[in-house]
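Coordinate inspection notes
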Amino acid sequence: MKPILILQHLDDDGPAYFGTWLAARGLAARVFNAEAGDMFPEHLGDYRALAILGGAMSANDALPSLRRAERLVRQAVAAGVPTLGHCLGGQLMARALGASVSKAPAPEIGWQLLTVAASDLAQSWLGPPGECRVFQWHFEAFDVPPGAQALASSPACPHQAFALGPHLALQFHVELDAAKLARWLAGDEPQRLRELAAAHATVQSSEDILKSAAAGLARQQQLADRLYARWLGVTGAE
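Residues numbered from 1 in each chain as written. Predicted model: local features only at pLDDT ≥ 70, side-chain atom pairs only at ≥ 80, totals over all residues. Heavy atoms only, no water.

A closer look at the pattern of salt bridges
Put simply, the rule is: One speaks of a salt bridge when a side-chain nitrogen belonging to Lys or Arg is within 4 Å of a carboxyl oxygen belonging to Asp or Glu. Secondary structure elements follow DSSP: runs of H or I no shorter than four residues count as helices, runs of E no shorter than two count as strands, and numbering proceeds from the N terminus.
Tallying each qualifying case throughout the model produces 8 salt bridges. A salt bridge links Arg95 to Glu70; the shortest N-O distance between them is 2.6 Å. Placement of the pair is Arg95 in helix α3 (residues 88-96) and Glu70 in helix α2 (residues 64-79), with a sequence separation of 25 residues. The residue Asp208 makes a salt bridge to Lys211 at a minimum N-O spacing of 3.5 Å. Pair noted here: Asp208 and Lys211 are both in helix α7 (residues 206-211), with a separation of 3 residues, about one helical turn. Members of the salt-bridge network, linked through shared partners, are Asp13, Glu175 and Lys180.

A few points about the pairing of strand β2 (residues 29-33)
Put simply, the test is: Pairing between two strands is assigned when DSSP locates at least 2 bridges connecting them. With strands facing away from the observer, any crossover in which the path from the first strand over the helix to the second runs clockwise is taken as right-handed.
Where strand β1 (residues 4-8) lies against β2, 5 bridges are found, and the strand directions are parallel. The partner of Ile4 across the bridge, within β2, is Ala29. Taking the sense of rotation as the criterion, the β-α-β connection linking β1, helix α1 (residues 17-24) and β2 turns out right-handed.

Here's the deal with the side chain of His86
Here is the rule: Between buried and exposed lies partly exposed: a residue is buried under 20% and exposed over 50% of the maximum accessible area for its type, with that area taken using a 1.4 Å probe on protein chains only. As used in this structure description, the phrase polar contact means that two N or O atoms lie within 3.5 Å; if the pair is within protein, one of them must be able to donate a hydrogen and the other to accept it, and residues adjacent in sequence are counted only when both atoms belong to side chains.
Secondary-structure assignment places His86 in strand β4 (residues 83-86). For His86, a relative accessible area of 0% corresponds to the buried category. Polar contacts involving the side chain of His86 include one to the side chain of Tyr228, which spans 3.0 Å.

Observations concerning the packing of aromatic side chains
Heads up, the condition is: Only the six-membered ring of Trp is used, alongside the rings of Phe and Tyr, when aromatic pairs are assigned; centres must lie within 6.5 Å, and planes under 30 degrees apart are stacked while those over 60 apart are edge-to-face, with the rest tilted.
Taken as a whole and assessed by the stated rule, the structure comprises 8 aromatic pairs. Between Phe135 and Trp137 the ring centres are 6.4 Å apart and the planes differ by 45 degrees, which places this aromatic pair in the tilted class. Owing to a relative accessible area of 14%, Trp137 belongs among the buried residues under this scheme. Following the ring pairs from residue to residue traces out a cluster consisting of Phe18, Trp21, Tyr228 and Trp231.

Remarks on the sheet that holds strand β6 (residues 130-142)
Keep this limit in mind: The axes used here are C-alpha line fits, helices contributing only the stretch in contact, and every angle between their N-to-C directions lies in the interval 0 to 180 degrees. Note on definitions: a residue-residue contact is assigned when non-hydrogen atoms from the two residues lie within 4.5 Å.
Pairing is mixed in the open sheet, where 9 strands are placed in the order β2-β1-β3-β4-β9-β8-β7-β5-β6. A single partner strand is all that each edge strand has here, and the edge strands are β2 and β6. Strand-to-strand, the axes of this sheet are offset by a mean angle of 25 degrees, without reference to chain direction. Bridge count between strand β8 (residues 157-164) and strand β9 (residues 167-170): 4 bridges; the pairing is antiparallel. Each bridged residue has a counterpart across the sheet, and for Ala161 the counterpart in β9 is Leu170. Here helix α6 (residues 189-199) sits on the sheet in contact with β5 (101-116) and β6, set at roughly 100 degrees to β6.

Here's what the structure looks like:
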């Protein structure tokens, strides 16, 4: 079976739990890391699915790797190759499909509530309608492209997810694991988060993030299990 193509933008924003999930099911993947000097492929012919990870840059930045990722998204949608975007990856999907990405009403960082829409499609991806808590780290947000359906929202971000056929864009980091979280909270980041948390109710300090990490990761990885299985058509989705 063909492998899954994973586009990584930054060294500290790798597949994490997504890679663990694929490996546990014997599903092959190939990761291209732009910061490490990898050139993203021109074509999808050798791959069964496309996944795009996050990154600290804006989706609107004039970076060749971002435009190449968008071209791959358009190829995938035209060919019916399932595509999945995490945070920046979801924003790139939105841009590639004709929607805009702009500054969010407020930044969201940490364990934040979103509301799953009361639609059959939203429930098939994300579970029962109502609130669930996921991990966020973004300052910009996407609009929903023509033909796609919004799946979830939050007060600080009206569009948390959208689907278009087999393609799913997420604003949140469902791929997070403990090791990735530790990397993100290293160095000077705790001080920056304290300053942001003082100004925004939608930003948590590193202390509050870590306090909820064990329960938050366990709960979010159950959601990840569900949507990854739905995305790839793997049996066992709830």
